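Structural description and commentary
As a plain string of letters, each chain reads:
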Amino acid sequence: MAQTAPAVCGNDDNFQAMIKVLRDVNEPVPVRLAALQALQAASFAVLQFESCRGDYIAALRSIATDADPEIRQRALGLLARENDGFAQQKLLEGLQDPTKALVPPEKALQLLSYDVHAESYPVARMIVANPPNDEAKQEALRLLGADASAQPLFERVLRNKDETKEVRQIAASALHAIAPKALQTHARAMLLDPKEYDDIQATSLTALTQFGDAAKVEKDDKLMERIGSFKKAESSKLKQGARAFFAKINM
Amino acid sequence: MPHFPVTNGLSEAEFAAWIDKLGVEAAGRAELLALLREDHSVYDQRGATAVVRMRGWILLALARHSLTDEALLFVLEELDTGRDPYLVAASALALRSYPAPAAAFAPFVMRALNNIRYHDEPVNFNAYGEYATAATEVTPVRELLATLRWLGPTARAVLPELEALRANRASFSRKVLVEFDRTIMAMTQGSAPDVGLRDACCSLPNFFGNALSWGRESRRGCEPVESILFEDQDGGSVTFSEFFCRQPCIVVFFYTRCDNPQKCSLTIAKLARIQGLLAERGLSDQIRTAAITYDPSFDGADRIRGYGANRGVRFGGGHRMLRPTGGIDALRAHFKLGVNFVESLVNRHRIEVYLLDAAGAIARSYERIHWDEQEIVAQAGALLREDDLPVTSRTRATPTRRAASSRGLPIAGTLASLGFAFFPKCPFCWAAYLSVFGIAGLEQIPYLPWLKPLFVVLMLLNVFSVWVRSRTTRRATALVVVLAGALAIALSRIVPDLAQLGAWLGVGLTLTGSFLSAMQGARPAASFFLPRAAAPARE
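Now for a description of the structure that goes with this document. (Residues numbered from 1 in each chain as written. Chains lettered and ligands numbered in written order. Predicted model: local features only at pLDDT ≥ 70, side-chain atom pairs only at ≥ 80, totals over all residues. Heavy atoms only, no water.)

**Observations regarding the packing of aromatic side chains**
Heads up, the rule is: For Phe, Tyr and Trp, rings pair up if their centres lie within 6.5 Å, where Trp contributes its six-membered ring, and each pair is then called stacked (planes under 30 degrees apart), edge-to-face (over 60) or tilted (otherwise). Each helix is a run of H or I in the DSSP string that is no shorter than four residues. Each strand is a run of E no shorter than two, and both are numbered from the N terminus. The rule is simple: take the accessible area with a 1.4 Å probe, protein chains only, and divide by the maximum for that residue type; under 20% is buried, over 50% is exposed, in between is partly exposed. The criterion is that NZ of a Lys, or CZ of an Arg, lies within 6 Å of the ring centre and within 35 degrees of the ring normal, and then a charge sits over that ring.
Per the counting criterion, the structure on display carries 20 aromatic pairs over all chains. Taken together, a centroid distance of 4.5 Å and an interplanar angle of 35° make the contact between Phe-240 of chain B and Phe-244 of chain B tilted. Residue Phe-240 of chain B and its partner Phe-244 of chain B are located together in helix α11 (residues 240-244), separated by four residues, close to a single helical turn. Residue Phe-244 of chain B is classed as buried on the basis of its relative accessible area, which comes to 0%. Linked through ring pairs, Phe-230, Phe-240, Phe-243, Phe-244, Phe-253, Tyr-255, Tyr-294, Phe-335 and Tyr-354 of chain B together constitute an aromatic cluster. Across the ring face of Phe-246 of chain A, the terminal group of Lys-231 of chain A is positioned such that the distance to the ring centre comes to 4.2 Å.

**A few points about helix α15 (residues 221-229) of chain A**
All names here are of chain A. For the record, the criterion: The arc refers to the directions leading from the helix axis to the C-beta atoms. Should any heavy atoms of two residues lie within 4.5 Å, those residues are counted as being in contact.
Listed as buried for α15 are Leu-223, Met-224 and Ile-227. Viewed end-on, α15 has its buried residues packed into an arc of 100°, placing them on one side of the element. Turned more than 90 degrees off the buried face of α15, the exposed positions are Asp-221, Lys-222 and Glu-225. At its buried positions, α15 is contacted by α12 (180-192), α13 (198-211), α14 (214-218) and α16 (236-248).

**Details of the nonpolar core**
Short version of the rule: Residues enter a nonpolar core if they are buried and are Ala, Val, Leu, Ile, Met, Phe, Trp, Tyr or Cys, with the set joined through side-chain atoms within 4.5 Å.
Core analysis: the biggest nonpolar cluster contains 131 residues, and Phe-154 of chain A together with Phe-230, Phe-240, Phe-244, Ile-250, Phe-335 and Leu-356 of chain B have the highest contact counts within it. Among the nonpolar cores identified, the runner-up in size contains 68 residues, and Leu-32, Leu-67, Leu-72 and Phe-180 of chain B belong to it.

**So, the packing of helix α6 (residues 85-96) of chain A against helix α7 (residues 105-112) of chain A**
Packed helices, taken two at a time, are described by the angle their axes make and the gap between the axes. All names here are of chain A. What counts is decided by this rule: Axis angles are defined between N-to-C directions and span 0 to 180 degrees, where every axis is a line fitted to C-alpha atoms and, for a helix, only to the segment in contact. Two helices cross in a left-handed way if the nearer one is turned anticlockwise from the farther one by less than a right angle. They cross in a right-handed way if the turn is clockwise. The nonpolar class holds Ala, Val, Leu, Ile, Met, Phe, Trp, Tyr, Cys and Pro. Asp, Glu, Lys and Arg form the charged class, and all remaining residues, Gly among them, are polar.
The geometry of α6 relative to α7 is characterised by a closest axis approach of 10 Å and an angle of 145° between their N-to-C directions. In this structure, the crossing between α6 and α7 has a hand that is left-handed. Across from Gln-88, Leu-91, Leu-92 and Leu-95 in α6, the residues of α7 making contact are Pro-105, Ala-108, Leu-109, Leu-111 and Leu-112. Of the residues in the contact of α6 with α7, the class split is eight nonpolar, one polar and no charged.

**Some remarks on the side chain of Glu-163 of chain A**
Positionally, Glu-163 of chain A belongs in the loop between α10 (151-159) and α11 (165-178). Residues in contact with Glu-163 of chain A, not counting those within four places in the same chain, are Lys-137, Val-157 and Arg-168 of chain A.

**Looking at the interface of chain B and chain A**
For interface size, the figure often reported is the accessible area lost on association. Counted only if it meets this: The buried area of a pairing is the accessible area, by a 1.4 Å probe, that goes missing from both parts when the two are put together, added over both. The salt bridge definition used is simple: a Lys or Arg side-chain nitrogen within 4 Å of an Asp or Glu carboxyl oxygen. Distance and chemistry together define a polar contact, namely a pair of N or O atoms within 3.5 Å, with one atom able to donate a hydrogen and the other to accept it when in protein, and with adjacent residues in sequence counting only for side-chain atoms on both sides.
At the interface, 35 residues of chain B touch 35 residues of chain A. The three residues of chain B that bury the most area against chain A are Tyr-118, Tyr-131 and Glu-343 of chain B, which together make up 21% of that side's buried surface. Along the contact surface separating chain B from chain A lie five salt bridges. A salt bridge links Glu-121 of chain B to Arg-53 of chain A; the shortest N-O distance between them is 3.2 Å. Linking chain B with chain A are 17 residue pairs in polar contact (both at pLDDT 80 or more), by the criterion used here. Partitioned by chemical class, the residues of the side of chain B that touches chain A number 15 nonpolar, ten polar and ten charged.

Scope: geometric values only; no functional claims are made or implied.
See the structure below:
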């Protein structure tokens, strides 16, 4: 099947045979996955695949609820990239009611994040507040990174030293996207905070170096002195960050 | 028929049940039509795919009866710009329920065919919210072909385009190719319409109108939004009144996260083309252009600048891309924007462009169907010429040169009334006046009898000017007071016993009325002598 991939849509009989294998729950999973891979590869040639697309999408929907978790996840992933309403509906249902979940929550959130117009912000907020695991919380925050109204949430997470490094870095990245000025303010405060973790200070320094107002920062004696002190810091990330900062402002 | 509280609190299942009820009764069509407006509360806080399911179900319900002219606009809009297979298929089906085929529909169907061919997939019309999980006979391409068959010979103008599409055999399955052949046959058989095909294909029926226009006297003022502050693409700040109440302006709405290339992206590219046309005609300094984002919390200055620049927009003092920093709800209400949101993000919007006059009032709008750049520029040019006409009616006072001059008229008229009230009746009176003025050294003023009719004319002019301004401000008090003043002055000249009292009373009333007229601002709503903002004319 892998060999026939490029030509799979050129011959209607071949294509229908491939779809039949994919849908057939009695076929071994590796065989069905190979059929799926062949069809997926063929779908890259959008123009040649035009006549086959409808049957392909219908087949993906039918296997999205398959008994095999890998087949389910692959099918939902392919559909989510098409902003498919059926897939979004199933993924949201699974997040709202874990007994209906077709994929793990972190995967569902990741797939929903492909479409900003999906109705996924409320459920993502719910997961941030009550996460089933760390990965799910991280994915929920990544998803909310496109939600401009989530600025207060990200500011809170960023400044919370009890949060994990990964979660706080996601918050910094999201703030840069939706409220860059707010991130600069927090970056300064975190750099001046002697109790702040090195990783977060390194992230703050990168934000300041890459996106800060150099002229304004240069006039900030307190901040310049603090960044200067990082040249002798134990953390290699901070040392590297300080070097990059001074190189950027030619000092 | 009982009215159902259709709001965003409704579950999709409840919504579908209500639509089914409305669909079976002809009386329900008006409500179905109202539900197709994007700003309807039922779409508030729904995801984009939920909105698709809901609108599709409404279109299918409308198709159960004969499609009305009012509903036609929504159907053609979907064919013109739609990208969702379900909605396009439902629209194609709905169009076939229109009482008679019209050649003007063919280009819309053809455009939809070209738009949707790479997104063709099976759809399920059997039950609300169902998705096809097996190959079915219902796909948007097949529905569109069925609609072309329904149009038959009336669609012959698009036959070459359809045949060219059919020639690309690899693009369609065998079953679809068979349908292409059937369609081509249906279009070639039978007699063609009497009218010239080319003309018929390119003009919409008379009843159809995506353009609305308001006469000068019926335009709504922009008081509710004039203080809204915008940030432009360079981070500069400007209020609505500062930008829009100076010169005629062409305004479009967009947002950078719109995923339909037929909508926001194309709208901004067309705005750039409009700017080019304005420059060619030397109108860039007289007609402004603005693009306002629906999504101000995400669309920062950098984003809107990049979005515009990538589509050829030219920036300048009178040509800006704007994000409201507040008052988005007031802006939505003022323009009656066809948009709704899930959280801060747009879930559905229509295409809309507005032409504002120099006072910032909406003079014309185009909605849903793609607009023609040449026509927009021509209509904006007409607004410019309108601005040169005498101001007989304005919906609101604006800080423009013309508005300021209308305030000056009552002052001149008041002086005339004073002149008429105290004009000496005869040469003896004149002598008496001169004896008094003589103390002040004005004894050289001669008696001029022709001044009397001049003062009468000027006094009447004052009454007229106050009337004009009262229509502008929608306030009648000043007019009533000035009229009473004029009456008192006239009586003082006719009835000798009232000469003193009438003159002083008349002058007092005239002064008060004129002062009121010059100082009063515009009233937001219409008053007793002005009709409320009239319904726009659909063209």
